[in-house]
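A look at the structure
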Amino acid sequence: MSKSAGRIWPWWAEVPLVGVVAWGTVQEAYVAAGGTLASPRVALAAALGLSVALRYRWPAFAAGCAVAGAVALGSDYPLLVVVFQLASRGRLALGAVCVAAAMAGSAVVHPQQNLWVTRSYGPLAVLLFALVLGLWAGGRRRLVASLAEQVDHLRVERELRAETARLEERTRIAAEMHDVLAHRLTVIALHTGALQRRGAALPGPVADRIGLLRTASTDALDDLRDVLGALRRHGPAGEAGPREPGLRALSTLLDEARAAGQEVDAAVEGDADAVPASHRLAIHRLVQEALTNARKHASGARVRVEVRYGPPESTVVVRNPGGERSETAATGSGYGLVGLAERVDALGGRLEFGPTGAGGWAVTAGLPQDGRRTEGAA
């Protein structure tokens, strides 16, 4: 069936329908013609029965043929199909006109045997039923189309929200790394500046190298500020929001959660200083987000935090049982963990989160670490 013609039935349903209508119309004409097929009445009935196949592309023509068949032959099979089609497409006025014309024309052309007197169940019952059924089918089709459109809108909105969360996390990563790198570059610039002031006592090549290091460090600081400024101007939120100070101790975050009344059991293993700064920042953000979500969606539940600093891999596991939903659960975008997945993926790690049964929730992350990256962050 051609979509351009607006058809909604598949061919395997359309063909039997047209066949049944044509067969019923021909049968009535055959009986009226005295049991002979070699009759113009039978040929006309066949043509009118097959004309219902044109009701999608040329509805007015099909309606005219159906009315003509009802008036000339007294057969309402094509008229029933066409009236149903018109009503389902919202063309109720045209369908009603077809019914009225068929009934009036049949009473004039065949006063002794017309559509008014040949049906024991009432002259208009079947035709009105076709109108009502068509209206119901059209309303249901429009409802399904509207629901499908809403689902598409919700899907697009969900994807946009997830993308916004990822972009915000990228901006936060850049801002946090700016804090960390700016401190280290400032230390390099400070020491090279002190050495420059004693350049007269140093060999020429060494003094030149020190000057190059100081210039490179100050230029790198300027570049970092420019990048962060661009992110603030063009970020998804219009500006970079408040962020946590770089490289905060994880114990400080846990103490703040306990001070806020949250019950937290923590097990932290390994040396945090032995992993890259980017890993420490990611672990801090993961624990922070998991604790925040637990306070919102499982208020009063005891949270279990397990952190192990690598090598070879740093892992984070935060679990909480079910609890009462707090009043603040409705605030926020709900895509914090989606954004964190961007950070973990950038570090080559994995992040999994989801329900654990009985209303519980778990967040699990792994951040692989190799020797080269560890040494570079030391």
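For the structure, see preceding data.
In short, a report on the structure.

Turning next to the pattern of salt bridges. In this structure the tally under the stated criterion is nine salt bridges. D265 is the partner of R302 in a salt bridge, and the nearest nitrogen-oxygen pair spans 2.9 Å. In this pair, R302 is assigned in the loop between α9 (277–297) and β2 (303–308) and D265 in strand β1 (residues 264–269), connecting sequence segments 37 residues apart. Here R350 makes a salt bridge to E313, at a shortest N to O gap of 2.7 Å. Residue R350 is located in strand β4 (residues 350–357), and its partner E313 is located in strand β3 (residues 313–320); the two are separated by 37 residues in the primary sequence.

So, about the pairing of β1. For β1 and β2, the ladder comprises six bridges, and the chain directions are parallel. Each bridged residue has a counterpart across the sheet, and for A267 the counterpart in β2 is E306. Viewed along the sheet, the connection from β1 through α9 into β2 turns out left-handed.

All right, on to the packing of helix α2 (residues 40–50) against helix α3 (residues 59–73) then. Close contact between α2 and α3 brings their axes to 10 Å; oriented N to C, the two are set at 150 degrees. Compared by their axis directions, α2 and α3 come out roughly antiparallel. In the crossing of α2 with α3, the sense of the turn from one axis to the other is left-handed. Residues R41, L44, A45 and L48 of α2 form the contact with α3, whose participating residues are C65, A68, G69, A72 and L73. For the contact of α2 with α3, the per-class residue count stands at seven nonpolar, one polar and one charged.

What follows is about the nonpolar core. Membership of the largest hydrophobic core comes to 27 residues, with the highest contact counts inside it found for L250, I283, V287, L291, V305, V307 and V316. Tallying contributions element by element places α9 first for this core, with seven residues. Dropping the residues within four chain positions of it, V287 is found in contact with L250, L253, L254, V305, V307 and V316. The next biggest cluster of nonpolar side chains, apart from the first, holds 23 residues, and it includes A62, V81, A102 and M103.

On to the side chain of S88. When you line up the elements, S88 lands in helix α4 (residues 77–88). Residues within four places of S88 in sequence aside, it is in contact with G134, L135, A137, G138, R141 and R142.

On to α3, then. For α3, spanning 15 residues, the distance from its first C-alpha to its last is 20 Å, which sits close to the expected 21 Å at 1.5 Å a residue. When α3 is considered as a whole, its buried residues turn out to be P59, A62, A63, C65, A66, V67, G69, A70, V71 and L73. Along its buried surface, α3 packs onto α2, α4 and α5 (92–109). One or two residues past the end of α3 sits G74, with phi positive at roughly 75 degrees.

This paragraph deals with a nonpolar patch on the surface. Taken together, the side chains of W11, W12 and V15 make up a nonpolar region of the molecular surface, amounting to roughly 420 Å² of accessible area. Within the secondary structure layout, V15 lies in helix α1 (residues 11–32).

This next bit is on the sheet that holds β4. Pairing within the open sheet is mixed, and its five strands lie in the order β1-β2-β3-β5-β4. Two strands in the sheet have a free side with no partner beyond their single neighbour: β1 and β4. Shown here is a sheet whose adjacent strand axes are inclined to one another by a mean of 10 degrees, direction ignored. Both β2 and β3 contribute to a ladder of five bridges, which runs antiparallel. Bridging across to β3, V307 finds its partner in V316.

Conventions used here
Residues numbered from 1 in each chain as written. Predicted model: local features only at pLDDT ≥ 70, side-chain atom pairs only at ≥ 80, totals over all residues. Heavy atoms only, no water. Salt bridge = Lys/Arg side-chain N within 4 Å of Asp/Glu carboxyl O. Helix = DSSP H or I, 4+ residues; strand = E, 2+ residues; numbered from the N terminus. Pairing = 2+ DSSP bridges. Right-handed = clockwise from strand over helix to strand, strands pointing away. Axes fitted to C-alpha atoms, helices over the stretch in contact; angles between N-to-C directions. Parallel < 35°, antiparallel > 145°, perpendicular 65-115°, else oblique. Left-handed = near helix turned anticlockwise from the far one by under 90°. Contact = heavy atoms within 4.5 Å. Nonpolar A, V, L, I, M, F, W, Y, C, P; charged D, E, K, R; others polar. Core = buried A, V, L, I, M, F, W, Y, C linked by side-chain atoms within 4.5 Å. Buried < 20%, exposed > 50% of the residue type's maximum accessible area, 1.4 Å probe, protein only. Expected span 1.5 Å × (residues − 1). Patch = residues over 30% accessible without salt bridge, like charges linked within 9 Å, V, L, I, M, F, W, Y side chains within 5 Å. Areas by Shrake-Rupley, 256 points an atom, 1.4 Å probe, with all protein chains shown as cover.

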